[in-house]
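Structural overview
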Amino acid sequence: MQPISRRAALLGVVAAGLAGCARAKQPPPAASPSAPAPSSSVPAPTVSPVPSGKPSLSPVVDTRPRWPLTGRLLTNPGDAAHAAVAVKVPDNRREHPQRGIDEADIVFVELEGYRDSAGYSGTRLVPVFHSRMAKTVEPVRSIRPVDIPLLSPMDALIGNTGAAPWVINYVKHYRAHLEGTLSYLAMKGTGAYGTDQSRVYRLNGQTYYDKATVCHPAVLAQQTRRFAAGPPHLYFPFASTDAEVSAAAQGKPGRSIKIPYKGDGYFMAYSYDPRSRRYRRSMPWGPHVLADGHRVSTDNVLIIQAKQHYGKLFHGGGHDEPLHDIIDATGAFSYFNRGRYVTGTWRKGAVTEPFTFTLASGTPFKMAPGQTFVELPDTKARIGIKG
């Protein structure tokens with residue numbers, strides 16, 4: 001998203017007296033709200049290198065079906081014919097421990113929006129479930145503007161507790177690709193949400209539920225037939241073989257990662273564990289541990305750096321909406337897998353278009369199949385990497 005403006009894109013929303021998050025240059029028109037969602041549930045094939053010693057005039061095409069969000073091989077394509085469900089999860093220390101995010105295919109890490117006295121914002125997570133559905137995800141909070149361009153390319157539902165009015169209109173504008181109206185209040189009585197009574201608390205005579213709302217993704221998906229065909233294509237450019245993974249083929253040692261979100265004093269961190277071949281995640285205060293005692297870890301860490309700022313024109317609800325400029329934009333990325341990493345350039349077009357990636361070497365980028373944490377720090381963030 002480029003710097004926000006009342007005259008900027010989301011012209012359909014501006015007509016209703018609101019504004020969106022895009023460049024001053026209008027992106028390609030979004031699909032009409034009444035237009036049918038893409039129905040293809042078979043991910044696009046990937047291209048693999050020709051085996052050594054067997055020259056060919058054309059590359060070998062891997063046509064094996066894969067889970068769209070993890071790239072793992074899929075035995076029965078019909079198993080992927082259901083909607084992906086994202087859930088908004090708060091990430092401040094007082095809102096931990098969380099539940100269920102370790103079962104997500106992709107977890108996005110973005111700005112929360114509530115700024116401290118120094119003007120810095122904490123983080124909020126967006127775990128996305130498809131190949132597995134966590135039974136319970138908690139706590140649950142509200143939608144942020146960047147969720148729309150992150151989730152629209154995969155045709156997803158999003159569990160949430162609401163959003164600022166203009167953000168709700170932004171979601172509705174792209175409802176051909178994102179269902180965000182199935183909120184906690186809208187779904188009362190369906191079993192899609194619940195309350196963890198052990199996390200309800202009282203402060204200054206008032207009762208608060210901000211740490212206590214839970215979401216049941218599989219139940220939420222049953223409340224609509226939208227996007228029942230599943231995500232329309234692979235979200236990332238996955239490799240067909242271990243040797244094809246960019247970090248293995250061209251990478252440098254990268255076993256320790258530190259990603260700042262509040263200047264240089266508030267880090268999300270990862271450390272590579274060679275036994276599990278996964279990166280273990282840490283919060284600024286220590287290991288990232290869930291309510292069941294499980295340490296959060298991931299196969300892939302993808303860092304997409306984009307300009308961060310705040311929607312001052314849309315102040316309300318106690319905070320300015322946090323914005324990440326990823327629409328019609330480009331920037332630097334770093335990718336980590338199995339203790340090695342590569343860098344390059346990411347690009348994204350319109351809201352509904354996926355990211356594309358090019359390595360610094362100019363060659364195509366390929367990720368290892370598996371779970372991915374996507375960190376979205378600012379362009380000025382100094383990423384700490386140790387081999």
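Residues numbered from 1 in each chain as written. Predicted model: local features only at pLDDT ≥ 70, side-chain atom pairs only at ≥ 80, totals over all residues. Heavy atoms only, no water.

1. So, the confidence of the model for the protein chain
Definition in use: Known as pLDDT, the predictor's per-residue confidence is scaled from 0 to 100. Runs of H or I in DSSP of at least four residues are treated as helices and runs of E of at least two as strands, each being numbered from the N terminus. The contact criterion used throughout is that any non-hydrogen atoms of two residues lie within 4.5 Å.
When pLDDT is averaged along the protein chain, the result is 87; 83% of the residues meet or exceed 70. Averaged pLDDT values over the elements of the protein chain bottom out at 37 in helix α1 (residues 11-14) and peak at 99 in strand β19 (residues 300-304). Here residues 1-53 scores under 50 on pLDDT; set against residues more than four positions off or in separate chains, the count is 128 contacts.

2. Quick notes on unusual backbone geometry
The step from His96 to Pro97 runs through a cis peptide bond, and the omega angle for that step is 0°. Along the polypeptide, Pro97 turns up in the loop between β4 (89-90) and β5 (106-115). A cis amide bond links Glu138 to the next residue, Pro139, at an omega of -10°. With a phi close to 60°, Arg277 is a non-glycine residue in the positive phi region. Relative to the elements of secondary structure, Arg277 occurs in the loop between β15 (267-273) and β16 (278-283).

3. Observations regarding the side chain of Asp105
So the rule is basically this: Each residue is assigned to one of three classes by its accessible area relative to the maximum for its type, calculated with a 1.4 Å probe on protein chains only: buried under 20%, partly exposed between the two thresholds, exposed over 50%. Neither His nor the chain ends contribute to the count of charged residues, in which Lys and Arg are positive and Asp and Glu negative. Should a side-chain nitrogen of Lys or Arg be within 4 Å of a carboxyl oxygen of Asp or Glu, the pair is scored as a salt bridge. In protein, a polar contact means a hydrogen-donor-capable atom and an acceptor-capable atom, both N or O and within 3.5 Å, with residues adjacent in sequence counting only if both atoms are side-chain atoms; elsewhere, any N or O pair within 3.5 Å suffices.
Structurally, Asp105 can be placed in the loop between β4 and β5. For the buried Asp105, which has no salt bridge, the nearest side chain bearing the opposite charge is Arg132, at an N-O separation of 5.4 Å. Of the polar contacts made by the side chain of Asp105, one reaches the backbone nitrogen of His130; its length is 3.5 Å. At a separation of 2.5 Å, a polar atom in the side chain of Asp105 contacts the side chain of Ser131. Contacts of Asp105, omitting those with residues within four sequence positions, involve Leu69, Thr70, Val128, His130, Ser131, Arg132, Gly370, Gln371 and Thr372.

4. Here we look at the nonpolar core
Operational definition: Only buried Ala, Val, Leu, Ile, Met, Phe, Trp, Tyr and Cys residues count toward a nonpolar core, and they belong to the same one when joined by side-chain atoms within 4.5 Å.
The biggest cluster of nonpolar side chains holds 49 residues, and the ones touching the most others in it are Phe108, Leu151 and Tyr335. Counting residues per element, this core draws most heavily on helix α3 (residues 165-173), at four residues. In this structure Phe108 touches Arg124, Leu125, Val126, Val128, Leu150, Leu151, Met154, Tyr235 and Val374, once residues within four positions along its chain are discounted. Listed in part, the 40 residues of the second largest apolar core include Ala192, Tyr193, Phe227 and Ile259.

5. Focus on the side chain of Arg141
For Arg141, the position within the fold is in the loop between β6 (121-129) and α2 (147-151). Its relative accessible area of 13% is what places Arg141 among the buried residues. Within polar-contact distance, the side chain of Arg141 engages the side chain of Glu95 at 2.8 Å. When near neighbours in sequence (up to four residues on either side) are disregarded, Arg141 contacts Lys88, Pro90, Glu95, Tyr114, Arg124, Asn160, Thr161 and Asp210.

6. Focus on the environment of Gly265
Relative to the helices and strands, Gly265 resides in the loop between β14 (256-260) and β15. Sequence spacing of Gly265 and Pro284 is 19 residues, and the spatial spacing of their C-alpha atoms is 8.2 Å.

7. Structural notes on the pattern of salt bridges
Note that side chains of opposite charge can pair when their charged atoms are close. Inspection of every chain in the model, using the stated rule, returns 15 salt bridges. Salt-bridge contacts for Arg72 lead to Asp299; the nearest nitrogen and oxygen are separated by 3.1 Å. A residue pair is termed long-range when its members are at least 10 positions apart, and Arg72 in the loop between β2 (60-62) and β3 (84-87) and Asp299 in the loop between β18 (297-298) and β19 qualify at 227 residues. With relative accessibility at 13%, the residue Asp299 sits in the buried group. Close ionic contact of Arg115 with Asp320 constitutes a salt bridge, the shortest N to O distance being 2.6 Å.

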